[in-house]
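# Results of the structural survey
Listed here are the chains, written in short residue letters.
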Amino acid sequence: MPMLAAGSAEIALAFVELGAIILGLAALARLSHRVGLSPIPAYLAAGLLFGEGGVAQISRADDFIGLASEIGVLLLLFTLGLEYTGAELTAGLRSGWRAGGADLALNFTPGFVAGLLLGWGPLGALMLGGITYISSSGVVSKLLVDLDRMANRETPAVLTVLVFEDLVMAAYLPVLGVLLVGGSVLSGAISVGVALAVTAVVLLVAVRFGGPISTLMAARSDEALLLSVMGLILVVGGLAQQVQVSAAIGAFLVGIALSGEVRHRAEALLTPLRDLFAALFFVLFSLRIDPADLPPVLATAAVLALVTAATKIATGRYAASLLGVGPRGRNRAGMALVARGEFSIVIAGLAAGTVVTEALAPTAAAYVLILAVLGPLLARLNPAPPAWVGRVPGFRRRERSGVAR
Amino acid sequence: MGRVSERELPGVGARFDLATSDGDQLGVVVHRSGRRDLAVYDEADPDACRAVVRLEEAEARDLAELLGGSRISEAVAKLRHDVAGLTLEWVEVLDGAPWAGRSIGEVEVRTETGVSIVALVHDGDARPSPGPDDRFEVGTTVIAMGMAEGLEQLAERLSG
């Protein structure tokens, strides 16, 4: 039967291609962990090196990689939601609004302004703002553990900023999802309202009724739990996409809704899956970028990276000063927050196939590439802050009051 | 017990700080996973740690055993386990509270709130199983066991 023969040859080729890609990623992950860096920049760099041509070469496994990378985004957002309990998010909003607000103002603005200056329009600017705003909670948490800083007194400040960013994402992603679909101003405004209302309601349900939902999901066997949670993520994600709230936010809300022991087990079960699918997402994201598009955006990305590294350091220093932490601790908090990573790429990935400028993806890739490497290096080396940092008006005052406390 | 303060670490667990009478600052990070970090703070930079010891759950138990603190907490954990709905609560007696300075028998704790007073701790001196003549002196930490509702009533009268 020639049909079957052709089919199995096709499958064989797809397996080999997919396997080769995953083995390549494995080598990169191994290397990154050895030098103490996040593997994300390595995945991105690999994708960029192979460039656009790479997609054609892996065409046989392309269908699977496309879907797998979408699932990777869902799992990234799911584990982000899983990271904090509803109670922690509520507490974060109440006690972290000052640090979180400063974080938003200092780090969203540079990206937004740059987007406008580059002529990307309000939507492109909104996306670039989001990309420069959100720290990589994965990289930051790993740094805190690796550098034995969990007990440090500035660490609650760092975590508060991350919790607040988590909350901002819950509002930002649905708005962005709706705006990317486009349409008239009025229908857009209505859709944004609907999307935010749906998100708020689900968030409330998740915080209030997280217990019963988790009890419902609870299963003795790991297998049953894994399948239940995975199924729920996909169904809620799909439904959210249907009402234009973006599948990612649906997955995020599922993560928040899980609590107690189920959440603990789900984290252990789904983190390996996330690592697999997210790796495919990162490499596909950068594979789709034409290497020729990279050099023109390099200068922009570098300037943006330097500016927003400085603004993140200022954010961390301010957040730590609110807790009465001394100068050195404030500095550590700032350096720890510099890394941008998975969520900046998730935001940029949402732009694929929409009206937003083509320069966004290569800019985001170059930007994350710089800061996902620079961030951990700064946090490890912890250099003394340049003298001008203390001279920023308003900053000094805070520091004094911090010491006095 | 010395002055222990607690701080939430969102996404991680909680941190407990303790100052020894010798002047050392200690911290214990309780991870949700059960892991514990034992930290000794740096004198030169009090926000950072001079040393951090990572302990798995079983190792933390072993260390607690060596330090002699495990008998009480284990007994309590067992009790909690045995009777569902029963909670142990630490309540500090504050100046001006309705029951401050009065004796256990006088205010009829058991009849009023339904909780049992397990111990009174004053200046590090523990008095287990106190009698009706023992008083709720200001500054005493009252360890009581009972249903959540009764414990709430007790807390109101001792620190309200």
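Worth saying up front: this structure is predicted, and the values here are computed from it rather than measured.

## Looking at the overall build of chain A
Of the regular secondary structure elements, chain A holds 17 helices and zero strands. Looking at chain A as a whole, 50% of its 405 residues qualify as buried.

## Side note on the pairing of strand S3 (residues 25-31) of chain B
Residue and element names in this part refer to chain B. Strand direction decides the pairing type here: strand S2 (residues 13-19) and S3, joined by seven bridges, are antiparallel. The residue bridging Leu18 from the neighbouring strand is Leu26, located in S3. In terms of strand pairing, S3 meets strand S4 (residues 36-41) through five bridges, oriented antiparallel. Of the residues in S4, the one forming a bridge with Gly27 is Ala39.

## A few points about the interface of chain A and chain B
By convention, interface size is frequently given as the accessible area that disappears when the constituent parts associate. Contacts between chain A and chain B engage 20 residues on the former and 18 residues on the latter. Elements that contribute at least two residues to the side of chain A that touches chain B include exactly helix H4 (86-117), helix H7 (155-181) and helix H13 (327-337) of chain A. With four residues, the top contributor of residues to the side of chain A that touches chain B is H7 of chain A. Of the residues contributing to the side of chain A that touches chain B, the split by class is eight nonpolar, six polar and six charged.

## So, the sheet that holds S3 of chain B
Residues and elements named next belong to chain B. Strands sit in the order S1-S2-S3-S4-S5 across an open sheet of five strands; the sheet is antiparallel. The sheet terminates laterally at strand S1 (4-9) and strand S5 (49-55), the two strands that pair on one side only. Taking the axes of each pair of neighbouring strands and ignoring which way they run, one obtains an average angle of 20° across the sheet.

## Some words on the confidence of the model for chain A
Residues and elements named next belong to chain A. Scored by pLDDT, chain A comes out at a mean of 85, with 90% of its residues at no less than 70. Within chain A, helix H12 (residues 294-322) carries the highest mean pLDDT (95), whereas helix H17 (residues 395-404) carries the lowest (38). Between residues 390-405, whose pLDDT stays under 50, and residues either more than four places distant or in other chains, the model counts 11 contacts.

## Considering unusual backbone geometry
Residue and element names in this part refer to chain B. Residue Glu108 is not a glycine yet carries a positive backbone phi of 55°. By secondary structure assignment, the location of Glu108 is in the loop between helix H3 (104-107) and helix H4 (109-113). According to the C-beta neighbour criterion, Glu108 is exposed, with 10 such atoms within 10 Å. The phi angle at Ser129 is positive, at roughly 45°, despite the residue not being glycine. Take Ser129: it is sitting in the loop between strand S8 (125-128) and strand S9 (141-146).

## Here's the deal with helix H10 (residues 247-257) of chain A
Buried residues dominate H10 of chain A, accounting for 11 of its 11 residues. Every buried residue of H10 of chain A is listed here: Ala247, Ala248, Ile249, Gly250, Ala251, Phe252, Leu253, Val254, Gly255, Ile256 and Ala257 of chain A.

## Considerations on the confidence of the model for chain B
Summary statistics for chain B give a mean pLDDT of 83 and a share of 88% for residues scoring 70 or more. Note on the complex model: pTM 0.76, ipTM 0.76.

## Some points on the environment of Ile134 of chain A
All names here are of chain A. With respect to the helices and strands, the residue Ile134 is situated in the loop between helix H5 (121-133) and helix H6 (137-146). Residues Ile134 and Ile289, spaced 155 residues apart in sequence, show a C-alpha to C-alpha distance of 22 Å. The contact partners of Ile134, leaving out residues within four places of it in the chain, are Glu165, Met169, Arg340, Phe343 and Ser344.

## Digging into H12 of chain A
Residue and element names in this part refer to chain A. Look at H12: 40 Å from first C-alpha to last across 29 residues, which is about the 42 Å you get at 1.5 Å a residue. In H12, a bend of some 25° at Thr300 exceeds every other bend along the element. Following H12 by one or two positions, Gly324 has its phi on the positive side, about 75°.

## Focus on the packing of H5 of chain A against helix H14 (residues 342-350) of chain A
All names here are of chain A. It is at 8 Å that the axes of H5 and H14 come closest, and there the two elements cross at 165°. Here H14 runs roughly antiparallel to H5, going by the angle between their axes. Crossing of H5 over H14 shows right-handed handedness. Where H5 approaches H14, its residues Met127, Gly130 and Ile131 are matched on the opposing element by Ser344, Ile347 and Ala348. Among the residues forming the contact of H5 with H14, the class breakdown is four nonpolar, two polar and no charged.

Thresholds applied
Going along each chain's sequence as written, the residues are numbered from 1 onward. Lettering for chains starts from A, numbering for ligands starts from 1, and both go in the order in which the items are written. Where totals are concerned, whole chains, interfaces and linings use all residues; where local detail is concerned, this predicted model gives features only for residues with pLDDT of at least 70, and gives and counts side-chain atom pairs only at 80 or more. Helix numbering and strand numbering both begin at the N terminus, where a helix is a DSSP run of H or I of at least 4 residues and a strand a DSSP run of E of at least 2. For the exposure call, what matters is how many other C-beta atoms sit within 10 Å of a residue's own: 20 or more marks it buried, 12 or fewer exposed, and in between partly exposed, using C-beta atoms placed from the backbone. By definition, two strands form a pair when at least two bridges between them are found by DSSP. We call two residues in contact when their backbone-placed C-beta atoms lie within 7 Å. Three categories are distinguished: nonpolar for Ala, Val, Leu, Ile, Met, Phe, Trp, Tyr, Cys and Pro, charged for Asp, Glu, Lys and Arg, and polar for the others, with Gly belonging to the last. For helices, the fitted axis covers only the stretch in contact; all axes are lines through C-alpha atoms, and the angles between them, taken along N-to-C directions, range from 0 to 180 degrees. For every residue, the predictor assigns a confidence score, pLDDT, that lies between 0 and 100. The span you would expect from a helix comes to 1.5 Å times its residue count less one. In this analysis the local bend is the angle between axes fitted, respectively, to the seven residues ending at and the seven residues starting at the residue. Oblique is the label for every angle not falling under 35 degrees (roughly parallel), over 145 degrees (roughly antiparallel), or within 65 to 115 degrees (roughly perpendicular). By the definition used in this description, the sense in which the near helix is turned from the far one sets the handedness, with an anticlockwise turn below a right angle giving left-handed and a clockwise turn giving right-handed.

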